[in-house]
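# Understanding the architecture of this molecule
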Amino acid sequence: MVRGTWLGFAHGVGGATRRVGRGARDLDPALRRDGVALTLLGLAIIVAGREWWGLEGAAMDVVHAIAAGTFGVVAVALPLVLLWLSVRFMRHPQESQVTSRMGIGLGAITIAVCGLVAIAEDLPAPRDGFEGVRAAGGVIGYLVGTPLVAGLTAWVAVPVLLLLGFFGILVLTATPLGQVVPRLRGVVDRLTYGRTAADTDETLQLAEGVSRHDAPDEVEAAPVRRRRFGRNPRAAEVAPTDVLPQPYAGDEAFEAAALREADLAEREAAADATQVLGAEAAATAPTAPTEALAPVPAPPTERAAPPTERVPAGEQPMLSGDIVYLLPHEESLVKGPPHKVRSAANDRVVESLTNVFEQFGINASVTGFSRGPTVTRYEVELGQGTKVERVTALSKNIAYAVASADVRILSPIPGKSAIGIEIPNADRETVALGDVLRSSVARRTEHPMVIGIGKDVEGGYVVANLAKMPHILVAGATGAGKSSFVNSMIVSLLMRSTPDQVRMVLVDPKRVELTIYDGIPHLITPIITNPKKAAEALEWVVREMDARYDDLSAFGYKHIDDFNAAVRSGKVKPLPGSERKIAPYPYLLVVVDELADLMMVAPRDVEASIQRITQLARAAGIHLVLATQRPSVDVVTGLIKANVPSRLAFATSSLTDSRVVLDQPGAEKLIGQGDALFMPMGEAKPMRVQGAWVTESEIHAVVQHVKTQLKPVYREDVAVTAAKKQVDEDIGDDLDLLLQAAELVVTTQFGSTSMLQRKLRVGFAKAGRLMDLLESREIVGPSEGSKAREVLVQPDDLPGTLAMLRGAPAEPEAVPSHEPPVAQEYFDDDAPSEDDAWGETGR
Ligand SMILES: Nc1ncnc2c1ncn2[C@@H]1O[C@H](COP(=O)(O)OP(=O)(O)OP(=O)(O)O)[C@@H](O)[C@H]1O
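Residues numbered from 1 in each chain as written. Predicted model: local features only at pLDDT ≥ 70, side-chain atom pairs only at ≥ 80, totals over all residues.

## Observations regarding the overall build of the protein
When helices and strands are tallied, the protein shows 32 helices and 15 strands. The burial tally for the protein puts 45% of its 843 residues in the buried class. Counted over contacts in the protein with a minimum sequence separation of 6, partners at least 24 positions apart contribute 72%. (Helix = DSSP H or I, 4+ residues; strand = E, 2+ residues; numbered from the N terminus. Buried ≥ 20, exposed ≤ 12 C-beta atoms within 10 Å, placed from the backbone. Contact = placed C-beta atoms within 7 Å.)

Okay, here's the thing in structure tokens:
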């Protein structure tokens, strides 16, 4: 009864504490450790009563004897530590790992401080009376200080204890040694530059968010938040505020921020940083925004290596140019619910499984489980002499017992002598993309092509580098979560990369999925919704790839990353006689959100383009994401499959579809809503993941943010060829006939409909239509009643005319093969189209 009353009271107080603020509600009752927490709280009050307020009484004397006797004067801090521990147990009971780490840190600090106090007070010994010990470092101080001083002398003992205290602080704050300087600098910068309290709070909250979910030693500084965007220095000749993206021009706070950036950039430059940030952004040397803001034209920029060290959130040095591009704030993406490692539903399943084994007389037991967001994998160990098949044969009975049709049995669990039974959680969790991107695995790298995938069956975060895929096929039945994945992928890129690092071509024949991204600066061409245009765009990608390859071979590099690194360090010089300015290439990501629609209109062309891109594009930094609802062999052909090595399968409607995507069954057993099997290149076994989820309002916020940073600068030539194709639409299936008609009319120079009827053996209506088409292409003049039409094309021009009808550009020069590829278009100072483009962007 006493225990019950105590725990009831404790839960009441714990519940009230959890209601303060967010993040601690909905705790699994099994995890609450309110009893311990309340005991600690009581202790904190009692110790404070004696040590802070000097309350008298026999009990208080005992308290003082214990507290001060143990810790000496350091006991003054004891109530605070107890209070803190109590709050932690109430709010984050499941983070025992983090609490233990902090405990170790505090322990080290306590030993160090007690030892130092004892040494400072000349090491009073208990035999000389306990008063002295209490007024110094307590028993701890005595026990630590005495042997150290006796063995090493105070000269060595003091530094050793200081070092121990320093170690304690590092452990307490989860700061790796290498991060000490950047973090300190971050703190100093924030103080010096008067960062708002809100910003600081966010950073702290973030750091906490990471430690909450990950191993403590993996906590790193918050990621890059601001980057400077490469631009044409000529644009600097316009009025200074013009170079800022519109919403910020004239904004004092922003200009002040820009000045801070400049200051930091200068410091970075002074530190002579040389490391290249992976295969990242363009790196013209930062022109101090002071120049950009002062009423004088900025001098042309010079190239220099980007800075090396990561610096804290909000204070990133700029990578290039004098346009400041701010990545969306991490908090634009919401936090998901805390991960449960166990719930009542799991216990019920364990019970059901055990019952099934008992009923069928199988010597097997459930030895543990690992709970993921969607499914839990229960581990089953077999007794001596029990056949594995006896359990696998029971899959239907197991499904019946746990009332779920989607039971998947893994025999064995890779790397373990145990059978795994994956059963959907009755209480599944959504995986928030924000949590994936804030996890330590995502922070470990700054590569701009890293995206959040989701969580695995053990609850660990999964991220992937699209550049390493290097191409991925995403398939799944309607509603399985494919589009959600595409959204998570694009949002990940928008969160982590600037348009000078990653450019995209988005193909969305369904016209619904990707329209939300219309107008983002990462686009190279407006979102393509027409399947024929899409096929054209793929051909453009092939040309872009070839142009990049030409550059690579001309300068002697094998991979775009090496080339970019060399450009940044100034090693790549234009060829003699060339006016070109060389700049790094952004990665180019081509997303096709319904391959089937493309394969319907131009299967051979699309297949050929995809084959060519996939075979070569990796080194050119061009990557394909092909998504389809219909993973049948006519859409995902053998050729496409052979060249797209990474696969992500959401629930498919049949085993055959699963085979097409993964070359093995499994996807047909998935339970939809983002449940997926992920098989990156080179893996033989797919990994089960729950895809990350990002809400429409989050997408909207991120898209709004990037759109206010910069306007997109579209490549004209993608649109030019695409526009040409649009004209072709009215030709439809008549292209062959039309070509013959044009040939007839031009070679005979006789524009007669009845001749077409006769020679082509077509009816009057068809011949009339062909003539109209020839007129619309200005091959023949308008109808002149019963007379033959005038022919406007000379026989010599016939080949060009036929090519134009076939859809090739009318003037081949419009897309010359030697044209500088995408990076040069954007970054080449001398590209004639640049001024307009950047002028528009800047203003
Ligand atoms: N990762 C996820 N987490 C939680 N719920 C999800 C997830 N992915 C998808 N869902 C749920 O499933 C629904 C359908 O998902 P989605 O639109 O992505 O399917 P789809 O495969 O793209 O379908 P379609 O091919 O028809 O576009 C979503 O509206 C959402 O409710």
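From this point, the discussion proceeds with the structure in view.
## A few points about the UniProt feature "transmembrane region" (unreviewed entry) in the protein
Within this numbering scheme, the UniProt entry marks residues 35–53, 65–86, 98–120 and 152–175 as carrying the feature "transmembrane region" (unreviewed entry). Secondary structure content for residues 98–120 is 100% helix and 0% strand, while the C-alpha to C-alpha distance between its ends is 33 Å. The distance from the first to the last C-alpha atom of residues 152–175 is 29 Å, and the span holds 83% helix and 0% strand. (UniProt positions renumbered as here; feature names shortened; annotations may be inferred.)

## Section: the pairing of strand 8 (residues 461–465)
In terms of burial, strand 8 is a largely internal element, 4 of the 5 residues being buried. One ladder, built from 5 bridges, connects strand 7 (residues 450–456) with strand 8; its direction is antiparallel. The residue bridging Lys455 from the neighbouring strand is Tyr461, located in strand 8. Once strand 7 ends, the chain turns through 4 residues before running back antiparallel as strand 8, passing Gly459 with a positive phi of about 85°. (Pairing = 2+ DSSP bridges.)

## Remarks on the sheet that holds strand 3 (residues 364–371)
Strands sit in the order 3-4-6-5 across an open sheet of 4 strands; the sheet is antiparallel. The two strands at the open ends of the sheet, each matched to only one other strand, are strand 3 and strand 5 (408–410). The sheet shows a mean angle of 25° between the axes of neighbouring strands, taken without regard to direction. Summarising the sheet, strand 5 and strand 6 (residues 419–424) pair through 3 bridges and their orientation is antiparallel. Counted as the bridge partner of Leu410 is Gly420 from strand 6. (Axes fitted to C-alpha atoms, helices over the stretch in contact; angles between N-to-C directions.)

## Quick look at helix 29 (residues 764–776)
Compared with the 18 Å implied by 1.5 Å per residue over 13 residues, the 18 Å span of helix 29 between its first and last C-alpha is a close match. When we look at burial in helix 29, the residues that qualify are Ala767, Arg769, Leu770, Met771, Leu773 and Leu774. Packing partners of the buried residues in helix 29 comprise helix 27 (735–748) and helix 28 (753–760). Remark: Glu778 follows helix 29 within two positions and exhibits a positive phi of approximately 60°. (Expected span 1.5 Å × (residues − 1).)

## Description of the nonpolar core
One finds Leu506, Val592 and Val625 to be the most contacted residues of the largest nonpolar core, which totals 106 residues. Among the elements that take part in this core, helix 18 (residues 482–496) stands out by supplying 8 residues, more than any other. Three or more residues apiece are contributed to this core by two domains, here domain 2 (197–326) and domain 4 (433–712). Residues in contact with Val592, not counting those within four places in the same chain, are Val507, Ala534, Leu598, Val625, Leu626 and Ala627. Judged by nonpolar contacts, the second largest core, of 37 residues, contains Ala67, Ala112, Ile119 and Ala157. (Core = buried A, V, L, I, M, F, W, Y, C linked by C-beta atoms within 7 Å. Domains from an automatic or database assignment.)

## Observations concerning the site of the ligand
With respect to spatial proximity, 16 residues lie near the ligand, and among them Gly481, Lys482, Ser483, Ser484 and Gly674 are the closest. Considering each element in turn, the shell around the ligand owes the most residues, 3 residues, to helix 18. (Near = placed C-beta within 6 Å.)

## A closer look at the environment of Leu106
Here Leu106 shows up in helix 5 (residues 96–120). Among residues more than four places away in sequence, those in contact with Leu106 are Val81, Gly168 and Leu172.

## Some words on unusual backbone geometry
Here the bond from Ser411 into Pro412 is cis, since omega is -10°, no more than 30 degrees from zero. Residue placement: Pro412 occurs in the loop between strand 5 and strand 6. Cis geometry marks the peptide bond from Met469 to Pro470; its omega dihedral reads -15°. Take Pro470: it is sitting in the loop between strand 8 and strand 9 (472–475). In this structure, Leu123 takes a positive phi of about 45° despite not being glycine. For Leu123, the location among the structural elements is in the loop between helix 5 and helix 6 (130–135). Even without a glycine there, the phi angle at Arg761 is positive, about 55°. Mapping Arg761 onto the fold places it in the loop between helix 28 and helix 29. Taking the C-beta count within 10 Å as the criterion, Arg761 has 9 such neighbours and is therefore assigned exposed.

## Considerations on the packing of helix 5 against helix 7 (residues 138–152)
The angle between the axes and the distance between the axes are what describe a pair of packed helices. Closest axis-to-axis distance for the helix 5/helix 7 pair is 7 Å, and the angle between their directions is 70°. If you check the angle between helix 5 and helix 7, you find them roughly perpendicular. Residues Thr110, Ile111, Cys114, Gly115, Val117, Ala118 and Ile119 of helix 5 form the contact with helix 7, whose participating residues are Gly138, Ile140, Gly141, Tyr142, Val144, Gly145, Leu148 and Val149. Residues belonging to the contact of helix 5 with helix 7 are distributed by class as follows: 10 nonpolar, 5 polar and no charged. (Parallel < 35°, antiparallel > 145°, perpendicular 65-115°, else oblique. Nonpolar A, V, L, I, M, F, W, Y, C, P; charged D, E, K, R; others polar.)

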